[in-house]
Amino acid sequence: MSTIHKGLTVTVTLQEDKLADVNALLFQFRNELKTNREQYEKALPGTFFISWLTLPTQVYEEKEQLPARIILMTSYVGDKNQHIEELVAFLEPKLKKVFGESEEFPVSYSGESEMIAFLHDKSVPNTFYSGFKFISTTDVVREKELKAKVWEYARQMNTDPEAAQLPPSKIKQKIESYVANNPTLNWAVSGIPYARKNKIQMLLPLVIFGLIMACSIVCIVLSFFVGALFVKVMAWVFPLFLLLMGGMLLLLRQNEKRPHIPGKELTDEEVRKIVALETNPVINEMTVIAPLKNGWIRRAFLGVSLKLVGLLAYFTYIPTVHTARWLQLDKGKRLVFIANFDNLSEAYAHDFVDSERRTKNMAVIFSHAFGFPATRWLIHKQYNHRSEYMKGVRAHQKITQFWYSRNQYESVENLKRNRAFREGLFKEMDNEAIKKWLLTI
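Notes on the structure in this doc start here. Along each chain, residues carry numbers from 1 onward, in the same order as the chain's sequence is written. Thresholds applied to this predicted model are a pLDDT of at least 70 for local features of residues and 80 or more for the giving and counting of side-chain atom pairs; totals over whole chains, interfaces and linings are not thresholded and use all residues. In computing side-chain values, all of the structure's heavy atoms are included and hydrogens and water are not.

1. Concerning the overall build of the protein
Inference 1: Every helix listed is a DSSP run of H or I at least four residues long, and every strand listed is a run of E at least two residues long, numbered separately from the N terminus. If you tally the helices and strands in the protein, you get 17 helices and 13 strands.
Inference 2: For the radius of gyration, the atoms used are the C-alpha atoms, and the globule rule reads 2.2 Å times the number of residues raised to 0.38. A compact globule built from 441 residues would reach a C-alpha radius of gyration of about 22 Å, and the protein, at 25 Å, matches this within 12%.
Inference 3: Each principal axis of the C-alpha atoms in the protein carries an extent, and together these give about 75 × 70 × 50 Å.
Inference 4: Counting every position in the protein, which comprises 441 residues, the buried fraction comes to 48%. Per-residue accessibility, obtained with a 1.4 Å probe over protein chains only, is compared with the maximum for each type, and a residue is labelled buried under 20%, exposed over 50%, and partly exposed between these values.

In structure tokens, the structure reads:
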């Protein structure tokens, strides 16, 4: 079983005059969710988040009109086929009503099997990030309960003067004995299943990429002594990759020299409409969709950047972000960004530009989008970057008409602390490590 967190994105075009009807449907589904949340949790056991929204037409290069769209985005663990089957089994009537408004929907729709095929066909690749990469929906509930019961047990121990004087190693042994002998908690004795397998699976694309580059470097040396065709071909891989990236960077720099065109700011009323939906106590959602700046090199460079970012997703961590994804639509001419995060969007968006390192990281992606700040050599900011970045976010932030979050009250840090506590159970540690582990309770 895989506990790698993944993202499904399904999108179809929509006639502009049908936006209002689809919006009304999605808001209706959002209101219904308030009374049947338990049904969603039961029917969609592997789903963390669902974002379902419409996108109005946008203009690319000041002349080309990009179509209105319906976009369905989910975050899940497990198998993609099983995830889509669960979505269809539970949401088929709603999926039919919404996607049925698109000209891309099958005219002679025949039922659930065709809906499954439709969602597969209309799904598009995305670069996905998760703040809790190997935690399933079941783990969230069980690890929270585990820590809560151990916390109560630890409080009871503190009332015993003798227990309060025990060294850390003895306290850990008592906690482990309590867990092992508690019928509702002893599942934690066996450790975390599939952990190593899933880490290897997630790192495999990066390892393969690294091995190809390393093999090419070795073949460059061998080519001076060996005349084999394989060696000659592989010797060109690494230099061609460097030439490609260097050439694209030079072309991008020429594009950056074009006059910067500022985007239109969102009105205060429009911002208030978006913020008014951020009423959840812990977790909220943001969707930013913008056409790219002029020039084919922007589309190409962003596409390559997203592929490389995806290779490094295992090593990335943003403390307030549950999930995030980036993708390109309409032949690469439109950037889509969606995030599920802790607290409110204003504070969350500022997280990305409150340090020099994060500002540079965000520029690699967002500097290509219209309305976002200009750069020099991609990462060097120009003029008031922070305020211009926020203007870009707000100008292209969209209302997500339907949004579902399975976990409503656990922040990313809480989830990671719960996992860290579970990982430390029945694990050999020295006294210093045990002290740090006890702080996760």
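2. Describing the pattern of salt bridges
Inference 1: Here a salt bridge means any side-chain nitrogen of Lys or Arg lying within 4 Å of a carboxyl oxygen belonging to Asp or Glu. Taken as a whole and judged by the stated rule, the model has 16 salt bridges.
Inference 2: We note a salt bridge from R69 to D330, for which the minimum N-O separation is 2.8 Å. One end of the pair, R69, is in strand β5 (residues 68-77); the other, D330, is in the loop between β8 (321-329) and β9 (334-342), and 261 residues separate them in sequence.
Inference 3: Look at R69 and you get buried, because its relative accessible area is 11%.

3. Details of helix α8 (residues 195-222)
Inference 1: For α8, built from 28 residues, the straight-helix expectation of 40 Å at 1.5 Å per residue is met to within 8% by its first-to-last C-alpha distance of 38 Å.
Inference 2: Values of bend correspond, residue by residue, to the angle between axes fitted over the seven residues ending at that residue and the seven starting there. Where α8 bends most, at L204, the angle is about 45°, and the proline P205 comes one to four residues later. What a helix is expected to span follows from its residue count: subtract one and scale by 1.5 Å.

4. Let's talk about unusual backbone geometry
For residues other than glycine, phi is negative in most cases, and the peptide bonds are mostly trans.
Inference 1: One non-glycine residue, Y194, adopts positive backbone phi at about 65°.
Inference 2: Tracing the sequence through the fold places Y194 in the loop between α7 (168-180) and α8.
Inference 3: For Y194, a relative accessible area of 39% gives the class partly exposed.
Inference 4: Phi angles above zero are rare outside glycine, and W377 is one such case at about 55°.
Inference 5: Tracing the backbone through its elements, the reader meets W377 in the loop between β10 (375-376) and β11 (380-381).

Everything listed is a geometric property; what it means functionally is a separate question.
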